[in-house]
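The chain contents come next:
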Amino acid sequence: MSAAILSRRGFISASLLAGGGLLFDLAVPMAQAADGTPVILNAFIRILPDNRVIIGAKNAEVGQGAKTMLPMMIAEELDVDWAQVSVEQTHADAAIFGGQSAGGSRTTPREWIPTRQAGAAARAMLVAAAAAQWGVGAETLTTGSGKVTDTKSGKSVPYAALAAAAAKLPAPDPATLTLKDPANFRIIGQSVVGVDTPAIVAGKPLFGIDFKLPGMLYAVLETCPAFGGTFTSANLDAVKALPGIAHVLPIKGDGTAESGYDGVAILSTSWWSANKARETLKVEWDTSAVSGFSTENYATQAVARAKAKADTDITRTGDVDAAFASAAKVVRADYSYPFLAHATLEPQNCTALFTDGAIEIWAPTQNPENGRGLVAKALNLPPEKIRINFSRIGGGFGRRLMNDYMVQVAKIAAQLPGVPVKLLFSREDDMRRDFYRPAGWHGFRAALDKGGRLTAFHDHFVTFGKDGKALRGGDLPAHELPAGLIDHVLLEQSFLPTNMPTGWLRAPGSNALGFVTQAFLDEVAQAAGKDLPGLMLDLFAEPRVLPRGTNQPPFVTARAKGVIEKVVAMANWSGRKALPKGRGLGFAFYYSHMGYFAEVLDVEIADGVPKVKTVWVAGDVGSQIINPINALHQVQGSVIEGLGQALAGQAITQVAGAVEQGNFDTHPLQRIPDTPAINVEFVKTDYPPTGLGEPALPPVIPALVNAIHAATGKRIRSLPVTAEMLNA
């Protein structure tokens, strides 16, 4: 945390609860916004008369473990036993709780200091209350297991008995707090089972799809199959006449995917009957402006754009043309990948109740304040008239950063004041109304000198954009490796038009760029007479600290070297040449979302089909693994998801402006029998801890295709991997 932020005094207030409990409303500066306004984190700590502690978890739980991790950090610094703690989910309100988005693996780095300060501040107030009560110096007192102890006399008192006195004391400045030495952690660093896990195992209703209110109506929403098509007419009266149908409502969109396109909502007392009524619904759509978009056309256009001058330079350093002209060897290859859906197991859903000019929403959202803004605009409501309650999320992967479902249910509920409305997507709705990871095409060149040293690198990246800018998920970072490591680099980009809504998929950008760059560099390494770990270690040989942009930590080559050296040792990389025919090891390294990850895959080709036998993962996310069991699961889940994207047959295709896939039979997920052993080790370094939701995914796909090459000699340059590619 910067000195500028620490110099701003936070505030901590305390008040008594009915029954004698103590409520700490802890707000400490977390980060500084662009306009200089401090962003505030609020954590609520309730100490009950029996000395139990209830801690509020402010971020949405998407399966990433935040609902357990954040209270763990507060409990650690508060100095209570985890067995004393109960966790409650807060509602969404940036004015009270500060930023509550869940995405980009940002929760850990963003909250590491402020959340611990919240616990430490409450502990300091309790110690001060005990010191005043006993007439001793606070420095003579210790804490532990929810009580304060006088080291001289040996007497102790539980926190609950100090509640009234602590509530009257002035709050400490967070900048004056001393946080625990990690050597003294008793909760942080221990494996803690997720606080929701028992309820999930028991099948209790936690998720948005489970939520119910008395008198609730279920809604389904029919929209144009071709994104952006507009409503012309429909047989609304015929549908409303069907048994059980309560309402049939046209919904006017604003022409954007975020706020919702035109649609027709059908409401009933059961979701089944509402969805069944869609079979009778006949809608005329105007698709004249959007029917020309298709996967086939994109591919044709991409080939033409790749041969033409790029639309924009992202990075241009040195003299790239001269470096290629003087190269001893030039390596060229074209790579591509498709649109992908998020395919969350829980389809999109949201519940809303509009009453007296205000709306209450129950939403499985990763980005609640974005949703609040969209709803406020759609209903012309002041933001304070919108209350958003979190529900547990059954898979997000970035899809629930977009809040179209929240706007859609709000528009429906606003037409039915006093009636709770639950909008639920069918699986087909969910697959065909996504914000897709954009497809991309890369034309690579690399220059090698006589010694096999990489001297120049060029990537012409063709993807989707508008007004000279990439659509969401299609950015090419200016610092994409090997930029910054060699003198001559040209990264450039060209754009195609599309009507497809795009968005961030787990490890945004990196999930695709990791594949193409590390697979191509494996080709470069082979041309240089090296292996890919050797090439990467050569690039990282000189200790460097490379800037990564505003509010991003720099890239440290020593950390990259550390995970590469670790994983090649874990996988016995040097023994790869002894593997039998049809089996190979593949390696990849990638840095994303502040995490350094290197991975090796052992792949066997049996009957023309690749079978991943083992995966080794080495990761560096800083000095502390907060919850080891959850960290392991995050890495394993990332690997499994990446393998699914490459091997299960995932691709979204489009005809006449509409998505063809509609369920898991045509956009399949990775299955348990196809999941290999995944071995994970963390390389701890003296850097602040960072997140784990994203960075383990990008290396797995290039390591896979590099292993396939090692086993077969065939290069896989497009996804998904098919049997035809291996048998050609």
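Residues numbered from 1 in each chain as written. Predicted model: local features only at pLDDT ≥ 70, side-chain atom pairs only at ≥ 80, totals over all residues. Heavy atoms only, no water.

Undergrad: Give me the lowdown on the overall build of the protein chain, citing residues and values where you can.
TA: Within the protein chain one finds 19 helices and 32 strands. Against the 2.2 N^0.38 benchmark of 27 Å for 728 residues, the protein chain shows a C-alpha radius of gyration of 28 Å, consistent with a compact globule. Considering only C-alpha atoms, the protein chain reaches an extent of 80 × 70 × 50 Å along its principal axes. Pairs at least 24 residues apart make up 75% of the contacts formed inside the protein chain by residues separated by at least 6 positions. Split by element, the accessible area of the protein chain, about 28300 Å² in all, is 54% carbon and sulfur. Side-chain charges of the protein chain comprise 66 positive and 67 negative groups, with the mean position of each set lying 2 Å from the other. (Helix = DSSP H or I, 4+ residues; strand = E, 2+ residues; numbered from the N terminus. Rg over C-alpha atoms; globule rule 2.2 N^0.38 Å. Contact = heavy atoms within 4.5 Å. Areas by Shrake-Rupley, 256 points an atom, 1.4 Å probe, with all protein chains shown as cover. Lys, Arg positive; Asp, Glu negative; His and termini not counted. Charge placed at Lys NZ, Arg CZ, Asp CG, Glu CD.)

Undergrad: Summarise the nonpolar core; cite the residues concerned and give the values.
TA: Formed by 85 residues in total, the largest nonpolar core has its most connected members in Phe587 and Phe589. Looking at this core, the element that brings in the most residues is helix H14 (residues 510-527), giving nine residues. In this structure, Ala102, Ile386, Ile393 and Ala413 belong to the second largest nonpolar core, which totals 37 residues. (Core = buried A, V, L, I, M, F, W, Y, C linked by side-chain atoms within 4.5 Å. Buried < 20%, exposed > 50% of the residue type's maximum accessible area, 1.4 Å probe, protein only.)

Undergrad: Go over the sheet that holds strand S9 (residues 156-158) with me, naming the residues and quoting the values.
TA: Read from one edge of the open sheet, three strands run S7-S8-S9, paired in antiparallel fashion. Each end of this open sheet is capped by a strand with a single partner; those strands are strand S7 (141-144) and S9. The mean angle between the axes of side-by-side strands here comes to 20°, regardless of whether they run parallel or antiparallel. The sheet contact formed by S7 and strand S8 (residues 147-150) spans four bridges and is antiparallel. Looking at the pairing, Thr143 lines up with Val148 of S8. (Pairing = 2+ DSSP bridges. Axes fitted to C-alpha atoms, helices over the stretch in contact; angles between N-to-C directions.)

Undergrad: A description of helix H15 (residues 532-539) should follow, citing residues and the corresponding values.
TA: Where H15 is concerned, the buried positions are Leu532, Pro533, Leu535, Met536 and Leu539. Down the axis of H15, the buried set is contained in an arc of 160°. They therefore lie on one face. Here the buried face of H15 lies against strand S22 (454-466), H14, helix H16 (557-570), strand S27 (583-592) and helix H18 (700-712). (Arc of directions from axis to C-beta.)

Undergrad: Any details on unusual backbone geometry? Residues and values, ideally.
TA: For the bond from Leu481 to Pro482, the omega torsion is 15°, close enough to zero to count as cis. Within the secondary structure, Pro482 is located in the loop between strand S23 (469-470) and strand S24 (488-496). Looking along the chain, the bond that leaves Leu719 and enters Pro720 is cis, with omega of -5°. Mapping Pro720 onto the fold places it in the loop between H18 and helix H19 (723-727). Phi at Ala343 is positive, roughly 50°, even though this residue is not glycine. For Ala343, the location among the structural elements is in the loop between strand S16 (329-337) and strand S17 (349-355). By relative accessible area, Ala343 is classed as buried at 7%.

Undergrad: Requested: an account of the packing of H15 against H16, with residues and values cited.
TA: For the pair H15 and H16, the least separation of the axes is 10 Å and the interaxial angle reads 160°. The angle between H15 and H16 places the two elements in the roughly antiparallel class. For the element pair H15 and H16, the recorded crossing hand is left-handed. Contacts between H15 and H16 involve Pro533, Met536 and Leu537 from the former and Lys561, Ile564, Glu565 and Val568 from the latter. When its residues are assigned to classes, the contact of H15 with H16 shows five nonpolar, no polar and two charged. (Parallel < 35°, antiparallel > 145°, perpendicular 65-115°, else oblique. Left-handed = near helix turned anticlockwise from the far one by under 90°. Nonpolar A, V, L, I, M, F, W, Y, C, P; charged D, E, K, R; others polar.)

Undergrad: I'd like a rundown of the pattern of salt bridges, residues and numbers included.
TA: Counted by the stated rule, this structure contains 37 salt bridges. Here Glu360 ties to Arg387 by a salt bridge, and the two come within 3.5 Å at their closest N and O atoms. Of the two residues, Glu360 is situated in strand S18 (residues 358-363) and Arg387 in strand S19 (residues 386-390); the sequence distance between them amounts to 27 residues. Judged by its relative accessible area of 38%, Arg387 is partly exposed. Ionic pairing is found between Arg399 and Asp404, a salt bridge with its closest N-O pair at 3.0 Å. Each member of the pair, Arg399 together with Asp404, is buried. Members of the salt-bridge network, linked through shared partners, are Glu76, Asp79, Asp81, Lys180 and Arg186. (Salt bridge = Lys/Arg side-chain N within 4 Å of Asp/Glu carboxyl O.)

Undergrad: Talk me through the sheet that holds strand S28 (residues 595-606); I want residue IDs and the actual numbers.
TA: Read from one edge to the other, the open sheet built from four strands follows the order S27-S28-S29-S32, with strand pairing classed as mixed. With partners counted over all chains shown, the strands left at the sheet margins are S27 and strand S32 (677-682), one partner each. Sheet twist, expressed as the mean angle between neighbouring strand axes with direction ignored, is 15°. Of the pairings in the sheet, the one linking S28 to strand S29 (residues 609-620) comprises eleven bridges and is antiparallel in character. Bridge pairing in S29 places Val600 opposite Trp616.

Undergrad: Run through the packing of aromatic side chains, naming residues and quoting values.
TA: Under the criterion given, the structure shown has 21 aromatic pairs. An angle of 85° between the planes, with centres 6.4 Å apart, marks the rings of Trp112 and Phe185 as edge-to-face. Here Phe185 lies in the loop between helix H5 (163-167) and helix H6 (197-201) and Trp112 lies in helix H4 (residues 107-134), a separation of 73 residues in the sequence. What makes Trp112 buried here is its relative accessible area of 9%. For the ring pair Trp573 and Phe587, a centre distance of 6.2 Å and an interplane angle of 65° mean the geometry is edge-to-face. Residue Trp573 is found in the loop between H16 and S27, and its partner Phe587 is found in strand S27; the two are separated by 14 residues along the sequence. (Phe/Tyr/Trp six-rings, centres within 6.5 Å; stacked < 30°, edge-to-face > 60°.)

Undergrad: Which residues make up the packing of H14 against H15, and what are the values?
TA: Helix packing for two helices is described by the angle between their axes and how far apart those axes are. Interaxial distance between H14 and H15 falls to 8 Å at its minimum, and their mutual angle equals 95°. In terms of orientation, H14 lies roughly perpendicular with respect to H15. For the pair formed by H14 and H15, the contact residues are Gln518, Leu521, Asp522, Val524 and Ala525 on the first element and Leu532, Leu535 and Met536 on the second.

Undergrad: Now, about the environment of Ser105: what can you tell me, with residues and values included?
TA: Structurally, Ser105 is set in the loop between helix H3 (94-97) and H4. Between the C-alpha atom of Ser105 and that of Ala413, which follows or precedes it by 308 residues, the distance is 33 Å. In this structure, Ser105 is in contact with His593, Gly691, Leu692, Gly693, Glu694 and Pro695, ignoring residues within four places of it in sequence. At 2.4 Å, the side chain of Ser105 forms a polar contact with the side chain of Glu694. (Polar contact = N/O pair within 3.5 Å; in protein donor to acceptor, adjacent residues only side chain to side chain.)

Undergrad: Describe the pairing of strand S20 (residues 421-424), naming the residues involved and giving the relevant values.
TA: Burial of the side chains of S20 extends over both faces: Val421 and Leu423 are buried on one face and Lys422 and Leu424 on the other. Pairing analysis gives four bridges linking S17 to S20, with the strands arranged antiparallel. Bridged to Cys350 within S20 is Leu423.

Undergrad: Explain the pairing of strand S13 (residues 263-268) residue by residue, including any values.
TA: The buried fraction of S13 amounts to six of the six residues, a majority that puts the element mostly inside the structure. Pairing of strand S12 (residues 245-251) with S13 involves six bridges; the strand directions are antiparallel. Bridge pairing links Val248 to Ile266 in S13.

Undergrad: Explain helix H9 (residues 295-307) to me, and be specific about the residues and the numbers.
TA: Here H9 is 13 residues long and its end C-alpha atoms lie 19 Å apart, about the 18 Å a rise of 1.5 Å per residue gives. Those residues of H9 that are buried are in contact with strand S21 (440-448), S22, S24 and strand S30 (654-655). (Expected span 1.5 Å × (residues − 1).)

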